[in-house]
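# Secondary and tertiary structure notes
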Amino acid sequence: MTNYVVGFITDGKRVLLIKKNRPTNQCGLYNGVGGKVKEGETPLAAMIREAKEETNLDIQEWIKIDTLDYPDVTLTLFQATVSKKFITNYKTTTDEIVRLFKIKNLPQNLVNDVSYICHKRLVKPNKQIELFNISFIDELGNGLNNYYIGTEQQVKKIVKDLF
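Thresholds, definitions, all that
- Residues numbered from 1 in each chain as written.
- Predicted model: local features only at pLDDT ≥ 70, side-chain atom pairs only at ≥ 80, totals over all residues.
- Heavy atoms only, no water.
- Helix = DSSP H or I, 4+ residues; strand = E, 2+ residues; numbered from the N terminus.
- Buried < 20%, exposed > 50% of the residue type's maximum accessible area, 1.4 Å probe, protein only.
- Contact = heavy atoms within 4.5 Å.
- Areas by Shrake-Rupley, 256 points an atom, 1.4 Å probe, with all protein chains shown as cover.
- Arc of directions from axis to C-beta.
- 1 Å grid on protein atoms, 1.4 Å probe; cavity = no way out; pocket = protein on both sides within 12 Å on 5 of 7 lines; lining within 4 Å.
- Points joined across faces, edges and corners; volume = space filled by probe spheres on them.
- Nonpolar A, V, L, I, M, F, W, Y, C, P; charged D, E, K, R; others polar.
- Pairing = 2+ DSSP bridges.

This part takes up the overall build of the protein. Helix and strand counts for the protein come out as four helices and nine strands. Helices (α) and strands (β) of the protein occur, in sequence order from the N terminus, as β-β-β-β-α-β-β-α-β-α-β-β-α. For the protein, the proportion of its 163 residues judged to be buried stands at 38%. Looking at the protein alone, contacts between residues at least 24 apart form 59% of all its contacts between residues at least 6 apart. In the structure as shown, the protein presents an accessible area of about 10,300 Å², 51% of it carried by carbon and sulfur atoms.

Taken together, the buried positions of helix α3 (residues 114-121) are occupied by V114, I117 and C118. Take α3 and look down its axis: the buried residues cluster within an arc of 95°, on one side only. Against the buried residues of α3 lie β1 (2-10), β2 (14-19), β3 (30-31), β5 (63-69) and β6 (73-81).

In this section: the layout of surface pockets. Within this model, the largest pocket holds a volume of roughly 800 Å³. Taken together, 33 residues line the largest pocket, and the ones lying closest to its centre are Y4, V6, Q26, N31 and L75. Those elements giving two or more residues to the lining of the largest pocket turn out to be β1, β4 (33-36), α1 (43-55), β5, β6 and α3. Broken down by class, the residue content of the lining of the largest pocket amounts to 15 nonpolar, eight polar and ten charged.

So, about the side chain of Q26. Within the element layout of this structure, Q26 appears in the loop between β2 and β3. By relative accessible area, which is 15% here, Q26 ends up buried. Apart from the residues lying within four places of it in its own chain, the contact partners of Q26 are K20, N31 and V111.

Turning to the pairing of β2, a few remarks are in order. With two bridges joining them, β1 and β2 adopt antiparallel strand pairing. By the bridge assignment, I9 is partnered in β2 with L16. Of the strand pairs in this sheet, β2 and strand β7 (residues 98-102) are connected by five bridges, and their pairing is antiparallel. Note on β7: the bridge partner recorded for L16 is L100. Note: β2 against β3, two bridges, orientation antiparallel. In the strand pairing of β3, I18 is matched with N31.

Below, the structure is given as structure tokens:
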């Protein structure tokens, strides 16, 4: 089983895409940045490394948006939401050209499902989903850890209702 990562760097209105030279079936098509996960490397570490190698952007915070399992390949999809100013600091650092596109005006030559991912799967900046760990002590003195997933507003409501 070979593991790959693909990441979509967005400011909510635009997305960075890379024009692929390889593999052969993607040559000339745009995709998110990414590549092969090295032995002993986590998908997140691979995503951080690949983004730096391909765009010269040092992005540490990524949201995993999906994992797709195929017969011989596992593909982990990530998203990084960055500021409008930060996203313009990218540089093409390999032989594959990186370009910034408006999500509403993507090129036609895309790897399968990239358009769908950019339009339907990317989490909007104001709707960013996070995992929150809330620790408290119950009336018997037992320490409790609860994890909540949702937007910040949703989690604040849950916490308010708890107390």
